[in-house]
Amino acid sequence: MKVYQTNEIKNIALIGGAKSGKTTLAEAMLFEGGVINRRGSVDDKNSVSDYREIELERQASVFSTVLYAEYAGKKINIIDCPGFDDFIGEVLAGMKVADTMIMMINAQNGVEVGTEITWRSITRLEKPAVFLINQVEHEKANFDESVRQIKTQFGEKAIIAQYPLNPGIGFDSIVDVLKMKMFKFPSGGGTPQILDIPEAEMEKAEEYRNAIIEAAAESEEALMEAFFENGTLSDEELAKGINQGIATRTMFPILCVSGKHNQGVNRFMEFVIENLPSPLEVASTKTAEGNDLAMQENNPQVAFVFKTAVEPHLGEISFFKVYDGIITEAIDLLNANTGSKERLSQLFAVAGKNRQKVEKVCPGDIAATIKLKDTNTNNTLTSSKNQGVKVSPIDYPDPKYRTAVKAKSSSDDEKLATLLKDLNNIDPTLVFEHSKELKQVIFSGQGEMHLNVAKWMIENLNKVEVEYYAPKIPYRETITKSAKSTYRHKKQSGGAGQFGEVHMMIEPHIEGRPDQTEFPIRGKDEVALAWGGKLIFHNCIVGGAIDARFLPAILKGIMEKMEEGPLTGSYARDIIVNVYDGKMHPVDSNEISFKLAGRNAFREAFKNAAPKILEPIYDVEVMVPEDKMGDVMTDLQGRRALIMGMDSEGGYQIIKAKVPLAEMNRYSTSLSSLTSGRATYAMKYAEYQQVPSDVQDQLLKAYEEEEKDED
Ligand SMILES: Nc1nc2c(ncn2[C@@H]2O[C@H](COP(=O)(O)OP(=O)(O)O)[C@@H](O)[C@H]2O)c(=O)[nH]1
Ligand SMILES: [Mg+2]
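Sequence order as written defines the numbering, with residues in each chain counted from 1. Starting at A for chains and at 1 for ligands, labels are handed out in the order in which the entities are written. Totals for whole chains, interfaces and linings use all residues, but because this is a predicted model, local features are given only for residues with pLDDT of at least 70 and pairs of side-chain atoms are given and counted only at 80 or more. Excluding hydrogens and water, the side-chain figures rest on all heavy atoms present in the structure.

1. Focus on the sheet that holds strand S2 (residues 65–71)
1) Next: Taken in spatial order, the seven strands line up as S2-S3-S1-S4-S5-S11-S6 in an open sheet, and their pairing is mixed. Single-partner strands in this sheet number two, and they are S2 and strand S6 (158–160). Neighbour to neighbour, the strand axes of the sheet diverge by 30° on average, direction disregarded.
2) Next: Note: strand S4 (residues 100–106) against strand S5 (residues 129–134), six bridges, orientation parallel. Bridge pairing in S5 places Met 103 opposite Phe 131.
3) Next: Whether two residues are in contact is decided by their heavy atoms: any pair within 4.5 Å suffices. Lines are fitted to the C-alpha atoms to define the axes, a helix being fitted only along its stretch in contact, and any angle between axes, read from their N-to-C directions, falls within 0 to 180 degrees. Only DSSP runs of H or I covering at least 4 residues are called helices, and only runs of E covering at least 2 are called strands; the numbering of each starts at the N terminus. Here helix H3 (residues 88–97) sits on the sheet and contacts strand S1 (9–16), strand S3 (74–80) and S4; the angle it forms with S1, its principal contact strand, is near 150°.
4) Next: Packed onto the sheet, helix H5 (residues 143–154) meets S4, S5, S6 and strand S11 (252–256) and runs at close to 155° relative to S5. Strand pairing requires that DSSP identify at least two bridges connecting the strands.

2. Quick look at the sheet that holds strand S23 (residues 431–435)
1) Next: Pairing within the open sheet is antiparallel, and its four strands lie in the order S23-S24-S22-S25. Looking along the sheet, the strands with just one partner apiece sit at the ends: S23 and strand S25 (466–469). Ignoring which end each strand starts from, the neighbouring axes of this sheet average 35° apart.
2) Next: The strands that helix H11 (residues 448–462) touches are strand S22 (401–407), strand S24 (440–445) and S25; relative to S25, the one it contacts most, it runs at about 160°.

3. Observations regarding unusual backbone geometry
1) Next: The backbone of Gln 135 sits at a positive phi, close to 65°, despite the residue not being glycine.
2) Next: Assignment of secondary structure puts Gln 135 in the loop between S5 and H5.
3) Next: Any residue under 20% of the maximum accessible area for its type is buried, any over 50% is exposed, and the rest in between are partly exposed; the area is computed with a 1.4 Å probe on protein chains only. By relative accessible area, which is 17% here, Gln 135 ends up buried.
4) Next: The backbone of Ser 676 shows a phi angle near 50°, a positive value even though the residue is not glycine.
5) Next: With respect to the helices and strands, Ser 676 occurs in the loop between helix H15 (667–674) and strand S36 (680–690).

4. Details of the coordination of the magnesium ion (ligand 2)
As a benchmark, a tetrahedral metal site with four donors has ideal angles of 109.5 degrees, while an octahedral site with six donors has ideal angles of 90 or 180 degrees.
1) Next: For the magnesium ion (ligand 2), the protein coordination sphere consists of Thr 23 (OG1) and Ser 61 (OG), at 2.0 to 2.1 Å. Taken as a pair, Thr 23 in helix H1 (residues 22–32) and Ser 61 in the loop between helix H2 (53–58) and S2 lie far apart in primary sequence, 38 residues in all. Accessibility classification places Thr 23 together with Ser 61 in one group, the buried group. Counted as donors are the N, O and S atoms within 2.8 Å of the metal, or 3.2 Å for Na, K and Ca, while water is not among the atoms, so some sites may look incomplete.

5. Focus on the domain arrangement of the protein
1) Next: The assigned domain composition of the protein is domain 1 (6–275), domain 2 (302–386), domain 3 (401–472), domain 4 (477–609) and domain 5 (613–695).
2) Next: For domain 2 versus domain 5, the distance between C-alpha centres works out to 41 Å. Either an automatic procedure or a domain database provided the assignment from which the domain bounds are taken.

6. So, the packing of aromatic side chains
The way to describe two aromatic rings as a pair is by their centre distance and the angle between their planes.
1) Next: Classification of ring pairs rests on two measures: the distance between centres of Phe, Tyr or Trp rings, Trp counted by its six-membered ring, which must be within 6.5 Å, and the angle between planes, read as stacked under 30 degrees, edge-to-face over 60 and tilted in between. Under the definition given, this model contains 16 aromatic pairs.
2) Next: A ring pair is formed by Trp 119 and Phe 252, whose centres lie 5.1 Å apart and whose planes are at 85°; its orientation type is edge-to-face. In this pair, Trp 119 sits in helix H4 (residues 113–125) while Phe 252 sits in strand S11, placing the two residues 133 residues apart along the sequence. Each member of the pair, Trp 119 together with Phe 252, is buried.
3) Next: Members of the aromatic cluster, connected to one another through ring pairs, are Trp 119, Phe 131, Phe 154 and Phe 252.
4) Next: When the NZ atom of lysine or the CZ atom of arginine is within 6 Å of a ring's centre and also within 35 degrees of its normal, the charge is said to sit over that ring. Positioned above the aromatic ring of Tyr 68 is the side chain of Lys 75, whose terminal nitrogen or guanidinium carbon lies 5.5 Å from the ring centre.

7. Considerations on H4
1) Next: Along its 13 residues, H4 runs 19 Å from first to last C-alpha, staying within 8% of the 18 Å computed at 1.5 Å per residue.
2) Next: Residues of H4 that are buried: Val 113, Gly 114, Thr 115, Glu 116, Ile 117, Thr 118, Trp 119, Ser 121 and Ile 122.
3) Next: Within two residues after H4, Glu 126 carries a phi angle of roughly 55°, on the positive side. To estimate the expected span of a helix, subtract one from its residue number and multiply by 1.5 Å.

8. So, helix H8 (residues 235–247)
1) Next: Over its 13 residues, H8 runs 18 Å from end to end, which matches the ideal 18 Å to within 8%, given 1.5 Å per residue.
2) Next: For H8, the full list of buried residues reads Leu 238, Gly 241, Ile 242, Asn 243, Gln 244, Gly 245, Ile 246 and Ala 247.
3) Next: Downstream of H8 by a residue or two, Arg 249 has a phi angle that is positive, lying close to 60°.

9. Thoughts on the packing of H3 against H4
1) Next: Look at H3 against H4: their axes get within 11 Å of each other, and the N-to-C directions meet at 40°. The crossing of H3 and H4 is right-handed. The segment H3 lies against H4, with Ile 88, Val 91, Leu 92 and Met 95 engaging Thr 118, Ser 121, Ile 122, Arg 124 and Leu 125.
2) Next: Its residues assigned to classes, the contact of H3 with H4 shows six nonpolar, two polar and one charged. Handedness of each helix crossing follows the sense of rotation of the near helix against the far helix: counterclockwise by less than a right angle gives left-handed, clockwise gives right-handed. Nonpolar residues are Ala, Val, Leu, Ile, Met, Phe, Trp, Tyr, Cys and Pro. Charged residues are Asp, Glu, Lys and Arg, and all others, Gly as well, are polar.

10. Brief notes about the site of ligand 1
1) Next: Near ligand 1, the surroundings consist of 17 residues, among which Lys 19, Gly 21, Thr 24, Asp 43 and Glu 137 are the closest.
2) Next: One nitrogen or oxygen atom from the side chain of Gln 135 is found 3.4 Å from a nitrogen atom belonging to ligand 1.
3) Next: Computed with a 1.4 Å probe, the accessible areas rest on the Shrake-Rupley method; for each residue, only the protein chains presented here act as cover. Compared with its free state, where it exposes 580 Å², ligand 1 has 90% of that area covered by protein.
4) Next: Top element by residues in the shell around ligand 1 is H1. It accounts for three residues.
5) Next: Classifying every residue of the shell around ligand 1 by side-chain character gives two nonpolar, 10 polar and five charged. Residues are counted as near a molecule or strand when any one of their heavy atoms sits within 4 Å of it. Nitrogen and oxygen atoms within 3.5 Å of one another constitute a polar contact, given that in protein one can donate a hydrogen and the other can accept it, and given that sequence-neighbouring residues count only through two side-chain atoms.

Structure, rendered in structure tokens:
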């Protein structure tokens, strides 16, 4: 395969809602680019991009697929991204390395929630974008309505470059106002006739062309001058203006195709080659320190691994983009994140399941390698001359769906632990934690579908059977008023006895509240608890009632109870303990005695201090279409949510609420069925709050039962 120079490369990502036709378009592009000689389809389960068993089963992309097409002596790298927001990690990786986002819009549905979500990311990452309205031949296609929605929701920078002459049944022609030609397709798709625009369309076409010329002129001073001088732009000036306008995000052209019937695909690829920015023409990618990566062949190498895949028979494949220097076959590089040395023994251009060996990869290009020892997604590989340089990493969202996981056979436990680590290395949006507190392995991701795909990977690719089950909630315990207790630990058994007596007063710790004045405070120990909150220990002993050397033992005893709260065995937090009196025995007092006395005194006081169970509360943000707002609100209220506010964004409502984690179980699935998949949400830990008394009663009862079972 030819070695492509930086200015011969275009990197695009196909982005948008599920079922808009991204994978189908990719297939048509590969066909037009001569990479395949027969067009497969998602429906016949033989597309190049959705080739993995699980994708065939589901008939939807669950991973992003890296593809390429060669066109007019240039290379188009295509990242076909999944549509469901469960797989947002894959989408963000595609966005990281592609230079222009191709925002697919299904002409049947217009702007969907999937479009809105990805648009938010595109805006945040400040990436160039083009709208591609697909399925224009579908009987329900409504091109004008789709354009209207794009403009109202994403602004007037979205500007028409093409329109279908006759969308819906009977569609066969696209009017292109860049070329000022009409492309008329044979019924089976393929090579069009290129015709003059019919007289009746001229006025409309001219109007669109003038609008895009004006927008293009605004991208540069010199073009603006040319425009004022001549009242228009030449074809070259227009092409330049569009290229710059896209690169600087001052315009988002709108084009159209029917991917399924291969109508307009070839012209779209021509547009990609002629009008989209090359890797050199977009804002440079930064290093983690904020320096620009130059995309220069002569610089020491910097490459970024944006995706790792596991292929049967082949093992791990690492996909990378080069940001500096030339990567040649058998090069030795350094992993800047793990510190490991890696040899890139073979290099490939990859198109889904097809691979082509390449010898060299230039800056801006995307390629793959295999058999790296210790390199994960989001890692940077560099020449040893570039030590320490890291490409700014992909910023992944917080997990929003959790389950507990275990191996069906306990002999697989260790293997499962390794597999979970591997999965996280491949897909950083899959997160796991061995929770000592809950005595469960908590596995989290972006949704139920995401975790089901992970399960499929564990079971089918690695042959370990696993089980998902209800995750426990990390409750906390605290007190709401002060209480006193005294406890005497005394034991007389044969030889040495044990004796210790402790008097304490405990009270809630509330930041900023003045100390109690009943007892003089002579010493203060402030423990920042590993599980959040504080324990404050006041020494208020007068007259040497207890020796200072026994105080640490008392604190230790209290800490034991803090780790296993008296109500439900959960961690306790935010408590002040004032030890104000006690008794010692000249012979029998020792550390053990005071530890036990401290622990039991604390337990007694805790019970009388109006103890409460606390639960984790999350900030939840739901994005929902207007007409489903009522249903979603009602459902949230049923989940004990506190609605904090509402906002509108584009055609969507954004509900902000505080919701207990315990009520968010399987939320992604319920929300999806409540709105037919038209809503999405994000969640982030906010704080601990007291549970309502009915919930507390239930939890206490459940704990009692559990304890009984264990006896
Ligand atoms: N009528 C019509 N159907 C299409 C078109 N493009 C894709 N589809 C169909 O839409 C469904 C989803 O397509 P797919 O490419 O998997 O969408 P993706 O989820 O965006 O990758 C499949 O049944 C396709 O055959 C199109 O241009 N016209
Ligand atoms: Mg797809």
